[in-house]
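Descriptive structure summary
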Amino acid sequence: MIESWGRAHRLEHQVSCLNWRDELDLPTLAGAAANGHVLPYGMGRSYGDSCLNGDGTLIQTGRLDRFLAADWTRGVVKAEAGLTLDSLMQLSVPMGWFPMIVPGTKFVSLGGAVANDIHGKNHHLSGSFGASVQALGLLRSDGTRLTLSRSENQELFSLTIGGLGLTGLIEWVELKMLPISSSELEIQTFRLDHLDAFFEHSDDSADWPYTVAWVDCFAPSRALGRGLFSRGRFAENGALMAHRNRRVTVPLEMPSIALNRYSMTAFNQLYWRLSKTGTSMRDGYDRFFFPLDTIGRWNRIYGKRGFYQHQSLLPPDDARSGLRALLEEIRQSGQGSFLAVLKNYGPEQSPGALSFAGEGCSLALDFANTGRTTLDLLERLDAIVAKFGGRLYPAKDGRMSGAFFRASYPQWVELEAARDPLFSSTFWRRVTPAH
Ligand SMILES: Cc1cc2nc3c(=O)[nH]c(=O)nc-3n(C[C@H](O)[C@H](O)[C@H](O)COP(=O)(O)OP(=O)(O)OC[C@H]3O[C@@H](n4cnc5c(N)ncnc54)[C@H](O)[C@@H]3O)c2cc1C
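These numbers were taken from a predicted model, which means no experiment stands behind them.

Neighbouring the ligand are 33 residues; Gly42, Gly104, Gly111, Gly112 and Gly165 lie closest to it. Of all the secondary-structure elements, those providing two or more residues to the shell around the ligand are strand E4 (38-41), helix H3 (110-115) and strand E11 (169-179). Counting residues per element, the shell around the ligand draws most heavily on H3, which supplies four residues. Broken down by class, the residue content of the shell around the ligand amounts to 17 nonpolar, 15 polar and one charged.

Strands sit in the order E16-E12-E14-E13-E19-E20-E18-E21 across an open sheet of eight strands; the sheet is antiparallel. On the outer flanks of this sheet lie strand E16 (279-284) and strand E21 (391-392), each paired with one strand and no other. The pairing of strand E13 (residues 210-215) with strand E14 (residues 227-234) spans six bridges and is classified as antiparallel. Counterpart to valine 215 in the pairing with E14 is glycine 227. Its contacts with the sheet place helix H9 (residues 319-333) against strand E18 (307-314) and strand E20 (360-368), and it is angled at close to 10 degrees to E20. Contacts from helix H10 (residues 372-387) reach E18, E20 and E21, with the element oriented near 10 degrees to E18.

Turning our attention to the pairing of E20. Two faces belong to every sheet, and in a regular strand the side chains alternate between them. When you tally the buried positions in E20, you get nine out of nine residues, the bulk of the element. Of the strand pairs in this sheet, E18 and E20 are connected by eight bridges, and their pairing is antiparallel. What sits directly across from histidine 310, in E20, is leucine 365. Strand direction decides the pairing type here: strand E19 (residues 340-345) and E20, joined by six bridges, are antiparallel. Bridge pairing in E20 places leucine 342 opposite leucine 363.

Here the focus is the environment of alanine 434. Within the element layout of this structure, alanine 434 appears in the segment after helix H13 (426-431). For alanine 434, a count of 4 C-beta atoms within 10 Å translates into the label exposed. Along the chain, alanine 434 and aspartate 196 lie 238 residues apart, while their C-alpha atoms are 44 Å from each other.

What follows is about unusual backbone geometry. Of note, aspartate 117 is a non-glycine position whose phi angle comes to about 40 degrees, a positive value. Inspection of the secondary structure puts aspartate 117 in the loop between H3 and helix H4 (123-126). A count of 27 C-beta atoms within 10 Å places aspartate 117 in the buried class. Not every positive phi belongs to a glycine, and asparagine 153 is a case in point at roughly 45 degrees. For asparagine 153, the position within the fold is in the loop between strand E10 (145-149) and helix H5 (154-160). Judged by local crowding, asparagine 153 falls into the partly exposed class, with 17 C-beta atoms found within 10 Å.

Procedures and definitions
Here the residue numbers are simple positions, counted from 1 along each chain's written sequence. The predicted nature of this model means local features are confined to residues of pLDDT at least 70 and side-chain atom pairs, given and counted, to a pLDDT of 80 or more, with totals for whole chains, interfaces and linings taken over all residues. By convention here, the C-beta atom is placed from the backbone, and a residue is near a molecule or strand when that atom is within 6 Å of it. The numbering of helices and of strands both runs from the N terminus, where a helix is a DSSP run of H or I of at least 4 residues and a strand a run of E of at least 2. Classes in brief: Ala, Val, Leu, Ile, Met, Phe, Trp, Tyr, Cys and Pro nonpolar; Asp, Glu, Lys and Arg charged; the others, Gly included, polar. The rule for pairing is simple: two strands pair if DSSP sees at least two bridges between them. A pair of residues counts as a contact when their C-beta atoms, built from backbone coordinates, are within 7 Å of each other. Axis definition: a line fitted to C-alpha atoms, limited for helices to the stretch in contact. Angles are taken between N-to-C directions and run from 0 to 180 degrees. Think of it as a crowd count around each C-beta: if 20 or more other C-beta atoms lie within 10 Å the residue is buried, if 12 or fewer it is exposed, and in between it is partly exposed, with C-beta placed from the backbone throughout.

By themselves, these figures tell us nothing about what the structure is for.
Next up, the structure:
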């Protein structure tokens with residue numbers, strides 16, 4: 001039984017652990033599975049069913065984690081696709097280089113980062129992970145090994161970035177890195193009293209490379225969108241020190257009542273009230289970018305039934321009204337989200353054909369899985385996102401309707417045409433017509 005990060009999906013799989021790039025026989029692996037399909041699996045940090053292949057084979061790439069080449073004068077690294085950002089930064093930070101794009105956890109593989117075309121706190125200026133990918137090595141099930149880049153096999157390059165692991169197995173990735181002079185960031189935090197303040201601070205922070213806001217979903221209607229806005233930039237001088245992985249782990253599932261409406265309302269209110277506005281500080285990159293990584297297996301705090309994440313992107317012109325409608329719907333439902341993250345995205349076009357991140361505003365919400373009540377709320381949120389011309393992030397999804405996916409990602413037809421016939425996922429079978 002393999003589960004994804006949200007733990008609401010647990011499915012039977014055949015699991016194959018890949019040690020060496022040349023040991024892989026994809027047709028045999030697919031043939032051994034009940035459904036005849038394989039799917040690469042990185043660190044399983046996707047929340048829903050896009051990293052699962054129920055009744056099929058998952059190819060675990062974790063041991064495919066070797067560096068293949070590094071040019072520390074130009075900041076270009078080539079590594080196997082199972083290498084994590086965690087391991088990459090251990091080596092690159094002391095050399096003065098940082099990944100151009102990092103998500104909210106460093107425990108993701110390069111292959112997973114490409115397949116979901118992940119984005120980070122600097123999307124408004126730097127776009128998504130695909131922007132930093134110079135080339136990829138792809139293994140198809142007919143045994144062909146292709147190099148994909150902006151100039152070679154261009155169409156497959158574009159469909160593999162954000163291609164949900166369906167075009168073949170990514171064997172290696174060549175990345176352009178960001179030069180840094182310090183491993184610390186200058187960070188400023190501001191209290192937001194309402195939603196408009198988020199837009200004011202975002203406009204005001206156009207030249208800050210990293211921005212993000214936390215929103216209190218339990219705030220009353222008059223204070224809708226209140227929260228905290230933080231922005232950061234790498235300091236110009238200081239030491240170059242890689243992070244240390246020190247963390248506590250949630251040992252067991254917590255009882256689901258621990259995170260109830262009352263405890264979350266009280267915590268959010270206290271957190272917001274105690275935060276001072278306009279504070280400045282300096283801190284290491286690990287705490288700024290990856291605060292949740294300090295608590296191992298934090299996904300257990302939602303109890304046995306797990307949780308769903310709902311991450312939407314609303315186009316720029318409708319972002320304000322769309323966000324207001326989403327937050328109002330959540331407030332009225334009484335099922336607030338403990339972690340609600342708001343972020344403006346910039347116009348940088350991703351090379352990925354099906355990338356989620358694009359210009360506009362994104363709201364990411366976690367909801368404990370209480371069954372039908374939660375699913376009903378999520379469907380109402382979907383309807384709001386659809387009404388405002390937005391879309392959901394497949395990496396976080398485990399339940400959106402096929403019709404909504406296909407309408408918001410019309411390029412799915414091209415991905416289906418380029419999909420390796422032996423590759424499939426539970427997500428893909430759910431949102432596309434039978435194959
Ligand atoms: C705490 C937390 C914070 C997060 N924050 C962000 C964020 O800020 N921004 C963001 O964009 N995402 C975020 N995510 C989601 C995460 O970045 C993505 O789901 C990422 O793709 C996970 O990488 P993984 O290695 O775990 O891949 P998996 O989840 O194992 O797989 C993801 C996809 O990649 C494919 N894949 C994996 N390896 C290969 C390969 N070698 N070849 C081909 N396909 C492959 C899989 O088939 C699957 O479709 C967050 C997740 C967590 C848990």
